[in-house]
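If you want the building blocks of each chain, they are given just below.
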Amino acid sequence: MKNAIGEFPEGFLWGAATAAYQIEGAVTEGGRGKNIWDTFTHTPGAIKNGENGDIACDHYHRWREDIALMQQLNLDAYRFSIAWSRILPQGRGTVNQAGLDFYSRLIDGLLEAGIQPFVTLYHWDLPQALQDEGKGWLRRGIVEDFVQYTDVVTRAFGDRVKHWTTFNEPGVFTWGGYVLGEDAPGWRMQPGAALTALHHVFLAHGASAQVIRENVPQSQVGIVLDINVAEPASEAPEDVAAALRFDGMQNRWFLDALLRGEYPADMVALFGEQMPRIETGDMQRMAVPLDYLGINIYRRSVIAHGDELVPVNYCRVLPPGEHTLMGWEVYPKCIYDILKYVNERYGPPKIYITENGIALPDEVSPDGHVHDERRIAYLRDHLTYLQRAIAEGVPVRGYFVWTLMDNFEWALGFEPRFGLIYVDHQTQQRIMKDSGYFYADIAKKETAVK
Ligand SMILES: OC[C@H]1NNC[C@@H](O)[C@@H]1O
């Protein structure tokens, strides 16, 4: 298919992405159980401006309106996550039928609108009961809980949902949750805990993939990683070494484990005593064949030696130039670089860009529109580099903008606006931004030539 950016493969999917806790709200409705982000966002000082996702975009009640907006965007696909605690309020055991019913209606609505559902099983919102019982992902038994959750959901929706992502950005919610303290459950400087949690997440990923394939004929199974090419800030040996360590932590730890069944030796040596307990067969259990790799990419990583974040000892250098509201550099070539990096080293069968977007201080102009020219430029420039990588043979089969509509940006609250659609979080009014119209034109199918 051809559009204003260039030529894309036939069947290329144009999508947008969201996550349950960031958009749904209705945290005490429909039988939903508490999760660790409910707890974390109500912890004083945890979230900027003391904000939380109790209401968020009220998507739980407005999902029909939101599907209509997806149709205006000409979306082929919509990536969203299911809240585990809506399905199993206590994390295991009794199933909440109202939770299944909500997602069933949403999925039917998407299919009626001609939009393919791409489901993420876990986008950070662990049922609080599992955290309380045994520290959540630190308990190896949680793998069985995740298997039960996978089984319930894939039996319920496998007749209509074919694309299943097990986890979104496992590195972010473990490193953020156990080292940086920026994500739930908010622990700090526990790298050993992060690595143990991550090991159990990897095991849960492998076990979940097996269940998905048993329950869903013709399923496509993947995982979503936030990988990022590391560039040394200088040619100084300590910066080059730091960039290699960063590459090991940010990229090879995940790609080697999940695609090759081994942790990278240099990082195993570096982590030493912090390494998780690995039982015989673990590495084979996690490295199940994948139908696709999801890549979330926003920026490049310029890395120098640092005294913090022991033992990886790196710090990010922010180059001059344009930056986003997240403090991230705008560097469109990052999407080309990461795709070439992954394809040349690991050669996954299929790749989706599962998140790419920019946080801006969007405002509604007096004319009632949101003129977000910077987002249009960001999308255009990244898509141009994406098209170049595809033309050079990288098997990218779809692209999802982060995000459909302005939503709850975790520890930063609602201030960073990433959406193609503006949301007034007081009134819940939705306004298509100029970038939404731009993207709708990109995604529009060529009208058949009569
Ligand atoms: O920071 C922007 C996004 N990054 N990936 C995970 C999403 O939940 C975030 O909102």
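Note that the structure is a prediction, hence the values are computed from the model and not measured.

### What to know about the nonpolar core
By size, the foremost hydrophobic cluster in this structure holds 152 residues, and its most contacted members are Trp-137, Leu-339, Leu-386 and Tyr-399. If you tally residues by element for this core, the top one is helix α9 (residues 191-215), at 11 residues. The residues contacting Tyr-399, other than those within four sequence positions of it, are Phe-12, Leu-13, Trp-14, Gly-15, Ile-335, Ile-353, Asn-356, Leu-379, Leu-383, Leu-386 and Tyr-439.

### Here's the deal with the site of the ligand
Around the ligand sit 13 residues, and of these Gln-22, His-123, Glu-355, Glu-409 and Trp-410 come closest. Within the contact set of the ligand, a nitrogen atom lies 2.9 Å away from a side-chain nitrogen or oxygen of Glu-169. Between Tyr-298 and the ligand, the recorded distance is 3.4 Å, taken from a side-chain N or O atom to a nitrogen atom. Computed on the free molecule, the ligand has an accessible area of 280 Å², of which 96% lies beneath the protein chains in the complex.

### As for the environment of Val-396
Examined against the element boundaries, Val-396 turns out to sit in strand β11 (residues 396-402). Residue classification places Val-396 among the buried positions, given a relative accessible area of 0%. Separated by 102 residues in the primary sequence, Val-396 and Gly-294 have C-alpha atoms spaced 9.6 Å apart. Excluding residues within four positions of it along the chain, Val-396 makes contact with Pro-9, Phe-12, Leu-339, Ile-351, Ile-353, Leu-386 and Ile-390.

### Structural notes on the packing of helix α14 (residues 373-391) against helix α15 (residues 434-443)
α15 packs onto α14 with a crossing angle of 30° between their chain directions and a minimal axis gap of 8 Å. Classed by the angle they form, the pair α14 and α15 counts as roughly parallel. Across the interface between the two elements, Arg-375, Ile-376, Leu-379, Arg-380 and Leu-383 from α14 touch Asp-434, Ser-435, Phe-438 and Ile-442 from α15. In terms of residue class, the contact of α14 with α15 is built from 5 nonpolar, 1 polar and 3 charged.

### Some thoughts on the UniProt feature "active site" (unreviewed entry) in the protein chain
As annotated in UniProt, the feature "active site" (unreviewed entry) corresponds to Glu-169 and Glu-355 in the numbering used here. Look at the named residues: they lie 187 residues apart in sequence, but the longest C-alpha span between them is just 10.6 Å, so in the fold they bunch up. Put simply, the named residues that line the largest pocket are Glu-169 and Glu-355. In contact with Glu-169, not counting residues within four places along its chain, are Trp-124, Val-224, Asp-226, Asn-296 and Glu-355.

### Some thoughts on helix α7 (residues 142-157)
For α7, spanning 16 residues, the distance from its first C-alpha to its last is 22 Å, which sits close to the expected 22 Å at 1.5 Å a residue. By the burial criterion, the buried members of α7 are Ile-142, Val-143, Asp-145, Phe-146, Val-147, Tyr-149, Thr-150, Val-152, Val-153, Thr-154 and Phe-157. Where α7 is buried, its residues meet α4 (84-87), α5 (97-112), β3 (116-122), α6 (128-134), β4 (163-168) and α9.

Each value, and the rule that gives it
Residues numbered from 1 in each chain as written. Predicted model: local features only at pLDDT ≥ 70, side-chain atom pairs only at ≥ 80, totals over all residues. Heavy atoms only, no water. Core = buried A, V, L, I, M, F, W, Y, C linked by side-chain atoms within 4.5 Å. Buried < 20%, exposed > 50% of the residue type's maximum accessible area, 1.4 Å probe, protein only. Helix = DSSP H or I, 4+ residues; strand = E, 2+ residues; numbered from the N terminus. Contact = heavy atoms within 4.5 Å. Near = heavy atom within 4 Å. Polar contact = N/O pair within 3.5 Å; in protein donor to acceptor, adjacent residues only side chain to side chain. Areas by Shrake-Rupley, 256 points an atom, 1.4 Å probe, with all protein chains shown as cover. Axes fitted to C-alpha atoms, helices over the stretch in contact; angles between N-to-C directions. Parallel < 35°, antiparallel > 145°, perpendicular 65-115°, else oblique. Nonpolar A, V, L, I, M, F, W, Y, C, P; charged D, E, K, R; others polar. UniProt positions renumbered as here; feature names shortened; annotations may be inferred. 1 Å grid on protein atoms, 1.4 Å probe; cavity = no way out; pocket = protein on both sides within 12 Å on 5 of 7 lines; lining within 4 Å. Expected span 1.5 Å × (residues − 1).

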